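Single-letter residue listing:
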Amino acid sequence: MSRDWLAETVDERFKGFAPSVYGRRLGDLVRDRVTLFDGSFTPPVMILKNSALRHNIETMAGYCREHGVELAPHGKTTLAPQLWERQLAAGAWGISVATPAQVALCRAAGVPRVLLANELVDSPSIAWILAELARDPAFDFLCYVDSVAGVRLLADGIRGARPGRPLDVLIEIGHARGRTGCRNLGQARDVARAAAGVDGLRVVGVAGFEGGLGHDLSSEVLGTVDSFLETMHATAAELAGDGLIVDRGEGILLSAGGSLFFDQVTEVLTRPLPGGQRSRCVLRSGCYVTHDSGLYQRLSPFTRPGTDGSRSLRPALEAWGQVLSRPENGLAIAGVGRRDVSFDAGLPMPQLVRRPRLETTLDATACSVTNLNDQHAFVAVPNGTDVQVGDWISFGVSHPCTAFDKWHLLPEVDDDYVVVDFVHTYF
């Protein structure tokens, strides 16, 4: 993978760019300090706010240092190696991913430690990862296992490859009606015993995902999250007490944590294990890096109601579309849709109206999106809000994971919308 991110030439492969800049290198656009509104871009276009990115990365790194936990940000949020580099430079322990193909992207980008936060059951992928471990002594890799059948597949790969050093696994703990993961202690113990019996396989901790337990702050959801994390902690204690988990030199690993409940993860999974065994909590929060204007703005431990305000996260993603029509009173149709923004956890939220010919900016937060088509947003415009055909509208998004995957190249801008960089994604 080329590390000269700005050497790319702009052409029709990348949406959001005006044809007038086709044939120019990204580095030239940065050098010339083009702006979002000077004719170099055509809506719809999604941008990243540089100041918010920097703030969020520093804020989360500071939280982890203060609480004595590690951070392996989930890289599938952005699939942007440039952002991974910044997270690692700020002290991240590693990068988490969800698929073997994403592991390969990490390797191409030079990520030294990769946590595959998923089961590894594809035989060709097992063989390739074992070959990578044999080829590069500096490569640190971990994955999940939640079944004896999964252990057998890993064992078959190890016998065929003989990597020369252990393949490290975490026993995944799941919950009823969840996705992967052992459903009870008995299953976890059976899997750990099977893995412990395989020469070349090493159980180094437990992992789980609490984010699927709820998307609100009700006492029921918060209590369910705590109960699940306590089950994880108790399972780690039991398996360690049975001698089924190996401390590879940094403590028994306990990993959980999306971007909604990482405070509870920190509180529960940093509790001491019985017998004085060392442990290390690894968070896998991913969405914090850009935060959002919807789901995470409401629910993040840093920004939810009742927080003390000592820490905050800032929305770093903005989608800009142009008003195409005012076909009815109270309705504007903007040229941004499902192909451009996330909509699985809430519709985009109007933020600003910019009138290019006057270079004026107006507040658009009184407006709301009521529906999306592939390339159109239905914007409800209340009386007294001035929205005209040709205006640009910025939209905040909810759930960045399903916004990034719609863009292969995003301009990164300063607070004056001057382009300072471009961020590539690899979906």
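The written sequence of each chain sets the order in which its residues are numbered from 1. It should be noted that, the model being predicted, local features are given only for residues of pLDDT at least 70 and side-chain atom pairs only at 80 or more, the latter also being counted only at that level, while totals for whole chains, interfaces and linings use all residues. Think of the side-chain values as coming from all heavy atoms in the structure, minus any hydrogens and water.

1. So, the overall build of the chain
Stage number 1. Broken down by element type, the chain carries eleven helices and 18 strands.
Stage number 2. When we talk radius of gyration, it's over C-alpha atoms, and the globule rule is simply 2.2 Å times the number of residues to the 0.38. Taken over the C-alpha trace, the chain has a radius of gyration of 23 Å; the compact-globule value for 427 residues is 22 Å, and the two agree within 12%.
Stage number 3. Each principal axis of the C-alpha atoms in the chain carries an extent, and together these give about 70 × 50 × 35 Å.
Stage number 4. Note on contacts: a residue pair qualifies if any of its non-hydrogen atoms lie within 4.5 Å across the two residues. Taking the contacts inside the chain whose residues are at least 6 apart along the sequence as the reference set, 71% of them involve residues at least 24 apart.
Stage number 5. Working definition of accessibility: Shrake-Rupley area with a 1.4 Å probe, residue cover restricted to the visible protein chains. Split by element, the accessible area of the chain, about 17100 Å² in all, is 49% carbon and sulfur.
Stage number 6. We treat Lys and Arg as the positive residues and Asp and Glu as the negative residues; His and chain ends play no part in the count. Charge coordinates come from a single atom per side chain, which is NZ of Lys, CZ of Arg, CG of Asp or CD of Glu. For the chain, the distance from the average site of its 41 positive side-chain charges to the average site of its 50 negative ones is 2 Å. A run of H or I in DSSP becomes a helix once it reaches four residues, and a run of E becomes a strand once it reaches two; helices and strands are each numbered from the N terminus.

2. Some details on the pairing of strand β6 (residues 167-173)
Stage number 1. The buried label applies to any residue whose accessible area, calculated with a 1.4 Å probe on protein chains only, is under 20% of its type's maximum; exposed applies above 50%, and partly exposed to all values in between. Of all seven residues making up β6, seven are buried, and the element is well covered by its neighbours.
Stage number 2. On β6, burial covers both faces: Leu167, Val169, Ile171 and Ile173 on one face and Asp168, Leu170 and Glu172 on the other are all buried.
Stage number 3. Pairing between two strands is assigned when DSSP locates at least 2 bridges connecting them. Summarising the sheet, strand β5 (residues 140-145) and β6 pair through four bridges and their orientation is parallel. By the bridge assignment for β6, valine 145 is matched with isoleucine 171.
Stage number 4. Crossovers are described as right-handed under a simple rule: with the strands pointing away from the observer, the path leading from the first strand over the helix to the second runs clockwise. What joins β5 to β6 is helix α6 (residues 148-161), and the crossover it makes is right-handed.
Stage number 5. Judged from the seven bridges that link them, β6 and strand β7 (residues 201-208) form a sheet pairing that is parallel. Paired with glutamate 172 across the two strands is alanine 207, which belongs to β7.
Stage number 6. Considered for its hand, the β-α-β crossover made up of β6, helix α7 (residues 185-196) and β7 is right-handed.

3. Notes on the nonpolar core
Stage number 1. Ranked by internal contacts, the top residues of the largest apolar core, which has 107 residues, are Phe141, Ile171 and Leu283.
Stage number 2. Counting residues per element, this core draws most heavily on helix α8 (residues 219-241), which supplies nine residues.
Stage number 3. For phenylalanine 141, the contacting residues outside a window of four places in its chain are Val103, Val114, Leu116, Leu120, Ile129, Leu133, Leu167 and Asp168.
Stage number 4. Ranked by size, the runner-up nonpolar core spans 19 residues in total, among them Phe17, Ile47, Val413 and Val419. Definition used in this section: a nonpolar core is a set of buried Ala, Val, Leu, Ile, Met, Phe, Trp, Tyr and Cys residues joined via side-chain atoms within 4.5 Å.

4. Things to note about the side chain of glutamate 132
Stage number 1. Its place among the elements puts glutamate 132 in helix α5 (residues 123-135).
Stage number 2. We define a polar contact as two N or O atoms separated by no more than 3.5 Å, with the added condition that, inside protein, one atom must be a possible hydrogen donor and the other a possible acceptor, whereas residues neighbouring each other in sequence contribute only through side-chain atom pairs. A distance of 3.0 Å separates polar atoms of two side chains, one belonging to glutamate 132 and the other to arginine 135.
Stage number 3. Apart from the residues lying within four places of it in its own chain, the contact partners of glutamate 132 are Arg107 and Phe139.

5. Notes on empty space enclosed by the protein
Stage number 1. The method works on a 1 Å grid over the protein atoms by themselves. A cavity is a set of points holding a 1.4 Å probe that cannot get out, a pocket is an open set with protein on both sides within 12 Å along at least five of seven lines, and residues with an atom within 4 Å of a point line them. Grid points are joined across faces, edges and corners, and a volume is the space filled by probe spheres set on the points. Summed over all chains, the structure comprises one cavity of 30 Å³ or more.
Stage number 2. The computed volume of the largest cavity comes to approximately 30 Å³.
Stage number 3. In terms of lining, the largest cavity is formed by Ile173, Gly174, Cys182, Arg183, Asn184, Leu185, Thr231 and Thr235.
Stage number 4. In terms of residue class, the lining of the largest cavity is made up of three nonpolar, four polar and one charged. Three categories are distinguished: nonpolar for Ala, Val, Leu, Ile, Met, Phe, Trp, Tyr, Cys and Pro, charged for Asp, Glu, Lys and Arg, and polar for the others, with Gly belonging to the last.

6. What to know about the sheet that holds strand β9 (residues 279-283)
Stage number 1. One open sheet accounts for eight strands, arranged β2-β9-β8-β7-β6-β5-β4-β3; its pairing is parallel. The open sheet has two edge strands, β2 (70-71) and β3 (95-97), and neither has a second partner.

7. Comments concerning the layout of surface pockets
Stage number 1. Each pocket or cavity is described by its volume, and for the largest pocket that value is around 550 Å³.
Stage number 2. Around the largest pocket, the lining comprises 27 residues; the ones closest to its centre are Lys76, Arg179, Phe209, Gly258 and Tyr296.
Stage number 3. Counting residues per element, the ones that place at least two in the lining of the largest pocket are β4 (113-119) and α10 (295-299).
Stage number 4. Counted by class, the lining of the largest pocket contains ten nonpolar, twelve polar and five charged residues.
Stage number 5. Estimates place the volume of the second largest pocket at around 160 Å³.
Stage number 6. In terms of lining residues, the second largest pocket is bounded by Gly174, His175, Ala176, Arg177, Arg183, Leu213, Thr224, Ser227, Phe228 and Thr231.

8. Concerning α7
Stage number 1. Given a rise of 1.5 Å per residue, twelve residues ought to cover 16 Å, and the 16 Å separating the end C-alpha atoms of α7 matches this to within 8%.
Stage number 2. Those residues of α7 not exposed but buried are Ala188, Arg189, Val191, Ala192 and Ala195. In a view along the axis of α7, the buried residues occupy a sector of 165 degrees, so they form one face of it.
Stage number 3. If you follow the buried residues of α7, they end up packed against β5, α6, β6, β7 and α8.
Stage number 4. Taking the backbone nitrogen of glycine 186 as reference, a side-chain oxygen 3.1 Å away marks asparagine 184 as the first, capping residue of α7. Here a helix's expected span is defined as the number of its residues, less one, multiplied by 1.5 Å. Directions drawn from the helix axis to the C-beta atoms are what define this arc.

9. With respect to the packing of α7 against α8
Stage number 1. Contact pair α7 / α8: the axes reach a minimum separation of 10 Å and the direction vectors enclose 40 degrees. In this view, α7 runs oblique relative to α8, as classed from their interaxial angle. Both α7 and α8 take part in a crossing whose hand is right-handed. The residues of α8 that touch α7, namely those facing Leu185, Ala188, Arg189 and Ala192, are Thr235, Glu238 and Leu239.
Stage number 2. A breakdown of the residues in the contact of α7 with α8 according to their chemical character gives four nonpolar, one polar and two charged. To define axes, lines are fitted to C-alpha atoms, for helices over the stretch in contact only, and angles between the resulting N-to-C directions are given on a 0 to 180 degree scale. Oblique is the label for every angle not falling under 35 degrees (roughly parallel), over 145 degrees (roughly antiparallel), or within 65 to 115 degrees (roughly perpendicular). Here is the rule for handedness: rotate from the far helix to the near one, and if that takes an anticlockwise turn smaller than a right angle the crossing is left-handed, while a clockwise turn gives right-handed.

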